[in-house]
Amino acid sequence: MRSLPNILVTGTPGVGKTTTCTQLVSLASQSSPPLDLKHVSINDIVKERSCHTGYDEELQTLIVDDDKLMDEVEKEIADGDGAGGFIIDWHSTAGFAVRWVDLVVVLRCDETSVLYDRLASRGYRDEKVQENMDAEIFGVVSEEAKEGWGEVEDGRVVELKSVQAEDIEENAERILLWVKNWVKDHGSKTNGE
Ligand code: ADP
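Residues numbered from 1 in each chain as written. Predicted model: local features only at pLDDT ≥ 70, side-chain atom pairs only at ≥ 80, totals over all residues. Heavy atoms only, no water.

Counting through the fold element by element, Asn-181 comes out in helix 7 (residues 165-190). Spatially, the C-alpha atom of Asn-181 lies 19 Å from that of Trp-100, the residues being 81 residues apart in sequence. (Helix = DSSP H or I, 4+ residues; strand = E, 2+ residues; numbered from the N terminus.)

The subject of this paragraph is the site of the ligand. By nearness alone, 15 residues border the ligand, and Gly-14, Lys-17, Thr-18, Thr-19 and Arg-122 come closest of all. Here Lys-17 contributes a backbone N or O atom positioned 2.8 Å from an oxygen atom of the ligand. Between the ligand and Arg-118, the relevant distance is 3.4 Å, taken from a nitrogen atom to a side-chain nitrogen or oxygen of the residue. A total of 560 Å² of accessible area belongs to the ligand in isolation, and the protein chains cover 72% of it. Sorting the residues of the shell around the ligand by element identifies helix 1 (17-30) and helix 7 as the ones contributing at least two each. Residue composition of the shell around the ligand, grouped by class: five nonpolar, seven polar and three charged. (Near = heavy atom within 4 Å. Polar contact = N/O pair within 3.5 Å; in protein donor to acceptor, adjacent residues only side chain to side chain. Areas by Shrake-Rupley, 256 points an atom, 1.4 Å probe, with all protein chains shown as cover. Nonpolar A, V, L, I, M, F, W, Y, C, P; charged D, E, K, R; others polar.)

This next bit is on the UniProt feature "binding site: ATP" (unreviewed entry) in the chain. Here the UniProt feature "binding site: ATP" (unreviewed entry) sits at Gly-14, Gly-16, Lys-17, Thr-18, Thr-19 and Arg-122. Among the structural elements, Thr-19 can be located in helix 1. A relative accessible area of 46% means that Thr-19 is categorised as partly exposed. (UniProt positions renumbered as here; feature names shortened; annotations may be inferred. Buried < 20%, exposed > 50% of the residue type's maximum accessible area, 1.4 Å probe, protein only.)

So, on to the packing of aromatic side chains. Taken as a whole and assessed by the stated rule, the structure comprises one aromatic pair. Both rings, one in Phe-96 and one in Trp-100, keep their centres 6.1 Å apart while their planes meet at 85 degrees; by these two values the pair is edge-to-face. The class of Phe-96 is buried, set by a relative accessible area of 7%. Its guanidinium or amino end placed over the ring of Tyr-124, Lys-128 lies 4.2 Å from that ring's centre, counting from NZ or CZ. (Phe/Tyr/Trp six-rings, centres within 6.5 Å; stacked < 30°, edge-to-face > 60°. Lys NZ or Arg CZ within 6 Å of the ring centre and 35° of its normal.)

Backbone-to-backbone hydrogen bonds pair the strands of a sheet. The strands run either parallel or antiparallel. On the basis of which strands lie adjacent, the open sheet formed by five strands has the order 2-5-1-6-7 and parallel pairing. With one partner strand each, in any of the chains shown, strand 2 (38-41) and strand 7 (157-161) form the two edges of the open sheet. Strand-to-strand twist in this sheet, taken as the mean axis angle between neighbours without regard to direction, amounts to 25 degrees. Two elements, strand 2 and strand 5 (residues 86-89), share four bridges in a ladder whose sense is parallel. (Pairing = 2+ DSSP bridges. Axes fitted to C-alpha atoms, helices over the stretch in contact; angles between N-to-C directions.)

As a further point, take the environment of Leu-62. Residue position: Leu-62 is located in strand 4 (residues 61-64). The partly exposed category is assigned to Leu-62, whose relative accessible area is 26%. Along the primary structure Leu-62 and Asn-43 are separated by 19 residues, whereas in three dimensions their C-alpha atoms are 9.6 Å apart. The residues contacting Leu-62, other than those within four sequence positions of it, are Val-46, Lys-47, His-52, Gly-54 and Tyr-55. (Contact = heavy atoms within 4.5 Å.)

Right, let's get into the pattern of salt bridges. Evaluated as defined, the whole model comprises eleven salt bridges. Two residues, Arg-49 and Glu-76, come together in a salt bridge whose shortest N-O distance is 2.5 Å. With Arg-49 in the loop between helix 2 (42-48) and strand 3 (52-56) and Glu-76 in helix 3 (residues 66-82), this residue pair connects regions lying 27 residues apart in the sequence. Residue Glu-159 is joined to Lys-146 by a salt bridge in which the shortest nitrogen-to-oxygen separation is 3.5 Å. With Glu-159 in strand 7 and Lys-146 in helix 6 (residues 140-149), this pair connects stretches of sequence that are 13 residues apart. (Salt bridge = Lys/Arg side-chain N within 4 Å of Asp/Glu carboxyl O.)

Rendered as structure tokens:
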């Protein structure tokens, strides 16, 4: 039984996952009582634990070894005897077991020109920028999340707008509130009451 929820923060590259996760972890550490949320960058795990089989020049990205990656993710979130509190930052929900994750947050940037600028400023080639823009327009990550964790109405998948700078703070606060409510709802069970 987890004492803190695990949350998967997902969305198309450039929507603000890393910025939001960093803000959330920081807000949680300052809340009273402080909550020990841990940012798990799947990008870092892919690189540091060699969960890749090569580099795709066209897509300017590592070719991920999904099986190895998911083994590493499972190990990572089992850390602390599975106490939870992992904020997982990745552009896809594929491969994640539904039971690992209590909430999926899909960040959305529906202002295409804003997303375009963020992606282009990373030095991505036009094809890669376009591919990511299409994925965002068609809601690919969101659909994938709903297939795994149920429809948005179920409350396990939430979509949050991440267009302007204020959205980062607002989203981090909303997710933190969700964490606190989760703790309230589940606390009695973990305390054996
Ligand atoms: P991701 O992790 O989803 O790829 P990042 O958090 O790395 O995205 O954000 C990419 C860039 O876009 C960063 O420079 C970040 O500051 C900016 N950014 C992301 N979301 C927002 C937002 N809601 N408002 C303003 N800038 C944002």
